[in-house]
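Breakdown of the fold
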Amino acid sequence: MVKASNNSFASLFLLLFVDLAILEKEKNISKDTLLEAIENSLVAACKNQFESKADNIRVSINRDTGEIKVFADYEVVEDDLLEDPTTQIGKTEAALKYGNVEVGETVSTEVIPKNFGRIAAQKAKQVVVQKIREEERKVLYTQYLEKEREVITGIVQRYSGNNVCINLGKVDAILMESEQVPGEHFKPTEHIKLYVVEVKDTTKGPRITVSRTHPEFVKRLFEEEVTELQDGIVEIKSIAREAGSRTKIAVYTEDPNVDPVGACVGINGDRVNAIVDELRGEKIDIITWSDDPAVLIENALSPAKVISVTADEEEKTARVIVPENQLSLAIGKEGQNARLAAKLTGYKIDIKQE
């Protein structure tokens, strides 16, 4: 170990230190975080230079000036008990160097290894690059984690087989074929809305699962369009969807002066039509929620007219009677209307004609 003036050593870090301040603003990465990582890496480099495994080496970087100093800490021991000169110092020698000291105290000496400047600069650069990547990944993960289970707008990049690469701003996501609505096709640079199903942290950055088929996608679109939903006046109680074809949504309000269905439809249908356009023509049935299973099931089978509903709340089954001319409408094409009504209400529905 060599005592030395620290000016030349610190000057190697001056430019880097200025860059850290810029990085803190541009990348939103704490300068203290980067400096702490540099200090830790330099400690390891010092140990290599000293060929020592001792833990008494520490590095300190001044947060205001960028001045860097290396210290070796020693425990003061009785002269006859000195066993390890790399971590201990005899009381007599300590008194000569540091003045009045007591056994058990720790004293520090500023040191700089020979030819350490270049190695330190290289180490610092490596650490900063690595730490920037780690912190950027954390920042991105945090940003997009806040968007989980929300709707986000992305830009179509290209097709990769049957999957679609989507740019979400600072990261890319893959819209898997299984999460695409049948029949939809996107053009490069097209802006589309997506539902963020899940955000996972990986070593390569956040991995974002997006969907256009998820039932919650329709729910979030309504929440964007309908002020009463945003204010909590109207509530979406249940939703059932067969993506690309039809969605049924049950809405409710405790305010007797508000029509929940009308609020979601909008004046001249402007609100629901905006969502239908986003879903590229998918049909949407909006019904009124009821705590009475019979009423709810009758509403859910809309637009078919129902004569009677007998519901068994324990078995979660219902028997529905409809006029003869309404049977096919109640069941729907390939059973879709009845199937969606069952999903919406949670009841197994048996439909019979009058």
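This write-up is about the structure you can find in this document. Please read these numbers as outputs of a predicted model, since none were measured by experiment. (Residues numbered from 1 in each chain as written. Predicted model: local features only at pLDDT ≥ 70, side-chain atom pairs only at ≥ 80, totals over all residues. Heavy atoms only, no water.)

1. Overview of the overall build of the chain
Worth spelling out the cut-off: Each helix corresponds to a stretch of at least 4 residues labelled H or I by DSSP, and each strand to a stretch of at least 2 residues labelled E; elements are numbered beginning at the N terminus. The buried label goes to any residue with under 20% of its type's maximum accessible area, the exposed label to any with over 50%, and the partly exposed label to all in between, with areas taken from a 1.4 Å probe on protein chains only. Using the Shrake-Rupley algorithm and a 1.4 Å probe, accessible areas are obtained, with residue cover drawn only from the displayed protein chains.
Each helix and strand in the chain was counted, giving 11 helices and 15 strands. The buried share of the chain, taken over its 354 residues, is 43%. Working note: accessible area of the chain is about 19,800 Å², and carbon and sulfur atoms make up 46% of it.

2. What to know about the pattern of salt bridges
Charged atoms that come close allow side chains of opposite charge to pair. Cut-off, in case you're wondering: The salt bridge criterion pairs a side-chain nitrogen of Lys or Arg with a carboxyl oxygen of Asp or Glu, the two atoms within 4 Å.
Enumeration over the complete set of coordinates arrives at 21 salt bridges. In this structure, Glu 39 engages Arg 63 in a salt bridge whose closest nitrogen and oxygen atoms are separated by 2.5 Å. Of the two residues, Glu 39 is situated in helix H2 (residues 31–50) and Arg 63 in the loop between strand S1 (57–61) and strand S2 (68–77); the sequence distance between them amounts to 24 residues. As a salt-bridge pair, Arg 220 and Glu 223 come within 2.9 Å of each other at their nearest N and O atoms. Here the residue Arg 220 and the residue Glu 223 both occupy positions in helix H5 (residues 215–225), the gap between them amounting to three residues, near one helical turn. Each of Glu 184, Glu 190, Arg 212, Glu 278 and Arg 280 takes part in one network of salt bridges that share partners.

3. Notes on the packing of helix H9 (residues 293–300) against helix H11 (residues 336–345)
Selection rule: Lines fitted to C-alpha atoms define the axes here, with helix axes fitted over just the stretch in contact, and angles between the N-to-C directions of these axes take values from 0 to 180 degrees. Left-handed describes a crossing whose near helix is turned anticlockwise from the far helix through less than a right angle; right-handed describes the clockwise counterpart. By definition in these notes, contact holds between two residues if any of their heavy atoms fall within 4.5 Å. Amino acids are sorted into nonpolar (Ala, Val, Leu, Ile, Met, Phe, Trp, Tyr, Cys and Pro), charged (Asp, Glu, Lys and Arg) and polar (every other residue, Gly among them).
Running from N to C, H9 and H11 cross one another at 145°; their axes reach a closest spacing of 9 Å. With respect to the hand of their crossing, H9 and H11 are arranged in right-handed fashion. Between H9 and H11, the contacting residues are Leu 296, Ile 297 and Ala 300 on the first element and Ala 341, Leu 344 and Thr 345 on the second. Here the residues of the contact of H9 with H11 are counted per class, giving five nonpolar, one polar and no charged.

4. Description of the nonpolar core
Heads up, the rule is: Residues enter a nonpolar core if they are buried and are Ala, Val, Leu, Ile, Met, Phe, Trp, Tyr or Cys, with the set joined through side-chain atoms within 4.5 Å.
Residues Leu 20, Ile 38 and Val 59 are the most contacted members of the largest nonpolar core, which totals 26 residues. Contributing elements (two or more residues each) for this core: helix H1 (7–26), H2, S1, S2 and helix H4 (116–145). The leading source of residues in this core is H2, at seven residues.

5. Points about the side chain of Glu 282
The following threshold applies: Any pair of N or O atoms that falls within 3.5 Å is considered a polar contact. Within protein, one atom must be able to donate a hydrogen and the other to accept it, and sequence-neighbouring residues count only if both atoms are side-chain atoms.
Note on placement: Glu 282 falls in the loop between helix H8 (270–278) and strand S12 (283–288). Polar side-chain contacts of Glu 282 include one of 2.9 Å to the side chain of Arg 241. At 2.7 Å, the side chain of Glu 282 forms a polar contact with the backbone nitrogen of Gly 244. Setting aside residues up to four positions removed in sequence, Glu 282 forms contacts with Val 218, Arg 241, Glu 242, Ala 243, Gly 244, Ser 245, Arg 246, Thr 247 and Val 276.

6. A word on the pairing of strand S9 (residues 205–211)
Spelled out, the test is: Only when DSSP finds a minimum of two bridges between them are two strands counted as paired.
Burial analysis of S9 places five of its seven residues in the buried class, which makes it a mostly covered element. Where strand S8 (residues 191–202) lies against S9, seven bridges are found, and the strand directions are antiparallel. Of the residues in S9, the one forming a bridge with Tyr 195 is Ser 211. Following S8, the chain reverses through two residues before pairing antiparallel with S9.

7. As for unusual backbone geometry
Omega for the peptide link from Ser 302 to Pro 303 comes to 15°, which places this bond in the cis form. Position of Pro 303 among the secondary structure elements: in the loop between H9 and strand S13 (308–312). You will see that Arg 149, though not glycine, has its phi angle at about 65°, which is positive. In this fold, Arg 149 is placed in the loop between H4 and strand S5 (151–160). Backbone geometry places Glu 334, a non-glycine residue, at a positive phi of 55°. Relative to the elements of secondary structure, Glu 334 occurs in the loop between helix H10 (327–331) and H11.

8. Quick look at the sheet that holds strand S10 (residues 234–242)
The three strands lie next to each other as S10-S11-S12, forming an open sheet whose pairing is mixed. Each having just a single partner strand, S10 and S12 make up the two edges of the open sheet. Recorded for the sheet is a direction-independent mean angle of 20° between the axes of neighbouring strands. This element, H9, spans strand S11 (246–253) and S12 of the sheet and lies at about 155° to S12. Sheet strands in contact with H11 are S10, S11 and S12, and its direction is about 135° off that of S10.

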